[in-house]
Amino acid sequence: MAMSDQPAQIPTTSKRDFLKYILGGGLIAWGTSILYPVLSYLKPPPEGGVEVTSVKVGALSSLAKDSGTIVRFGNKPVIVIRTAAGSLHAFSATCTHLDCTVQYRKDFGVIWCACHNGKYDLTGRNISGPPPRPLDEFRVVVQGDDVYISKKS
Amino acid sequence: MSGIWQKTYQWIDERVQLGNLVEFMGKKYVPLHRGSIWYYFGGVSLFLFIIQVVTGILLLLYYKGGEELAFESIQFVMSRVAFGWLIRSIHSWAANLFILAAFIHMFSVFFEKAYRPPREITWVTGMMMFFLALGFGFSGYLLPWNELAFFATKVGTDIAGVIPLIGKPIMVFLRGGEEVTGATLTRFFGFHVAVLPGIFTVFLAVHLLLVQRQGMSVPLGHEEVHGPSEKAMPFFPNFLLRDLLLWLLVLNLLAILAVFFPWELGKKADAFAPAPAGIRPEWYFLFMFQTLKYFPGKIWFLDGELLGIGLFGVVALLWVMVPFWDRKSALGKRNRLLNYIGIAGVFYIIVFTILGWLL
């Protein structure tokens, strides 16, 4: 019984296989043609905008000693610190841990992140808490009474 | 009066055979034992979910999305719209009570081992709803666009970004860009009012259908109840009335909380202000938040955050899959070890939540 069926089945199987591949392939192509545009749509387009290279912070006299100010650098916050001794430093104000915005803590003389109690010293080095690396430093230039910050290359 | 009802019933019955359903309802019994009180928490969760749907729709009538509109529109709801403060306060409080009720429901099911066969799917759908509830909480928290929510969202989405390979695309997808901006608000709004409710409803339907179809689980060592018995209470009307009474009590509690402890709006989010001191996430994320605080930046060569999230991920997966690996309970034997693990889990959550609150 099985022996006599065997020769007749071979062409049927290959025909069936052929149809299976055509239909299966078609189904995959169809699925892809739907999924691809949808998945691409989910990804937001890159934000346009001018690359900021330098920003004016303000007058030197407006920055009190032993204080920190947050300024806009493009769409990112930068913290400008004037130490008690009077020297100026600027760092990215975005905590390297989980993206919170840091602040200057006068009482400890450190840069502090409220979210997870991360601390950085006044050279931007991570000294305590969860931050994995130092804050990115910005260059500070004083021209007359004006303070400018720019990206360190 | 009864004539009209009878006619309406008959009209529907002729078309969809209501008789079967009524007969089924009449045969439903709720087992009575020392743990029967825990049966109520599923119903309480459902009730609070319904409240969320209703108050959520009411808030939708006035809410406006967008960086320059969201905070102001909630301010408008709370100060100008009649009873707006109440609706918003109820929505916020009910969200918290909902998650609390779901926590209790989940742990009671866990300790009673109600997930054992044949109720694995009920457990898994319940867990999916629990995760969706956390998603509801996280996405809804941002919608008023206040300072606390802004940083909570920054941290929460940044945590997703820690996962290697797929983390960054997920973060960008959630934020609608590299940063948390108005684009994030738009997306979260969509998740909160359309995506999550849609998915949640499907799981809820399956969950409730299974509970009706399989009847209530009984603790190990008790006989399942499928008909009138001394150790059971008819669902209709006896249990249902008790359910409704408890719902009424919950509604009262909700009203007291919403009126006497109105939910605050806080300060409007400012992307160029430092994170405020004392910032912390909602209480149901607090134990995870506190745990991550204790992880140093680097552990050996691994990223501390990644290790913490990985651990929570593994625990969550094991928790969801418990019906499939707890062979002992499946065979009807007591699994003491699992009870101890559960108690340790509850203890851990409570202690870390308190620590997170105090520190």
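Residues numbered from 1 in each chain as written. Chains lettered and ligands numbered in written order. Predicted model: local features only at pLDDT ≥ 70, side-chain atom pairs only at ≥ 80, totals over all residues.

**Points about the overall build of chain B**
What chain B contains, in helices and strands, is 15 helices and four strands. For chain B, the C-alpha radius of gyration of 23 Å lies close to 21 Å, the compact-globule estimate for 359 residues. By principal-axis analysis of the C-alpha atoms, chain B measures approximately 65 × 55 × 35 Å. Split into buried and exposed, the 359 residues of chain B put 29% on the buried side. (Helix = DSSP H or I, 4+ residues; strand = E, 2+ residues; numbered from the N terminus. Rg over C-alpha atoms; globule rule 2.2 N^0.38 Å. Buried ≥ 20, exposed ≤ 12 C-beta atoms within 10 Å, placed from the backbone.)

**As for the sheet that holds strand β8 (residues 126–128) of chain A**
Residue and element names in this part refer to chain A. Across the sheet, which stays open at both edges, the four strands sit in the order β5-β6-β7-β8 with antiparallel pairing between neighbours. Only two strands of the sheet have a single partner each, and these edge strands are β5 (103–105) and β8. Taken over all neighbouring pairs, the strand axes of this sheet differ in orientation by 40° on average, direction set aside. Where strand β7 (residues 118–120) and β8 come together, two bridges link them in antiparallel fashion. Looking at β8, one finds that K119 is bridged to S128. (Pairing = 2+ DSSP bridges. Axes fitted to C-alpha atoms, helices over the stretch in contact; angles between N-to-C directions.)

**Digging into the packing of helix α7 (residues 147–162) of chain B against helix α8 (residues 167–175) of chain B**
Residue and element names in this part refer to chain B. At their nearest, the axes of α7 and α8 sit 6 Å apart, and the two run at 155° to each other. Judged by the angle between their axes, α7 and α8 are roughly antiparallel. Along the contact surface, α7 presents T157, D158, A160, G161 and V162, while α8 presents G167, K168, I170, M171, L174 and R175. The residue inventory of the contact of α7 with α8, partitioned by class, reads five nonpolar, three polar and three charged. (Parallel < 35°, antiparallel > 145°, perpendicular 65-115°, else oblique. Contact = placed C-beta atoms within 7 Å. Nonpolar A, V, L, I, M, F, W, Y, C, P; charged D, E, K, R; others polar.)

**Observations regarding the domain arrangement of chain A**
Annotation of chain A at the domain level lists domain 1 (1–43) and domain 2 (54–151). Between the C-alpha centres of domain 1 of chain A and domain 2 of chain A the distance comes to 61 Å. (Domains from an automatic or database assignment.)

**Re the confidence of the model for chain B**
Scored by pLDDT, chain B has a mean of 93; 99% of the residues are at 70 or more. The ipTM, which scores confidence in the relative placement of chains, is 0.80 for this predicted complex, and the corresponding pTM is 0.90. (pLDDT = per-residue confidence, 0-100.)

**Details of the sheet that holds strand β3 (residues 76–82) of chain A**
Residues and elements named next belong to chain A. Spatially, the six strands line up as an open sheet ordered β1-β10-β9-β4-β3-β2, and their pairing is antiparallel. Here the strands that pair on one side only, and so sit at the sheet edges, are β1 (54–59) and β2 (67–73). Averaged over all adjacent pairs, the angle separating strand axes in this sheet is 30°, with direction ignored. Sheet topology places strand β4 (residues 88–92) next to strand β9 (residues 137–143); two bridges connect them, and they run antiparallel.

**Quick word on the interface of chain A and chain B**
Note on interface size: it is often stated as the accessible area lost on association of the parts. Contacts between chain A and chain B engage 22 residues on the former and 26 residues on the latter. Considered class by class, the residues forming the side of chain A that touches chain B number 13 nonpolar, five polar and four charged.

**Quick word on the environment of E112 of chain B**
All names here are of chain B. Relative to the elements of secondary structure, E112 occurs in helix α5 (residues 84–112). By the C-beta count within 10 Å, which is 19 here, E112 ends up partly exposed. Between the C-alpha atom of E112 and that of Q52, which follows or precedes it by 60 residues, the distance is 28 Å. When neighbours within four sequence positions are excluded, E112 is seen to be in contact with G35, W38, S217 and P219.

**Considering the nonpolar core**
One finds V78, I79, C100 and C115 of chain A together with L48 and F98 of chain B to be the most contacted residues of the largest nonpolar core, which totals 82 residues. No other element matches the 13 residues that α5 of chain B contributes to this core. Apart from the residues within four sequence positions on either side, C115 of chain A is in contact with C95, L98 and C100 of chain A together with F151, V155, A275 and I279 of chain B. (Core = buried A, V, L, I, M, F, W, Y, C linked by C-beta atoms within 7 Å.)

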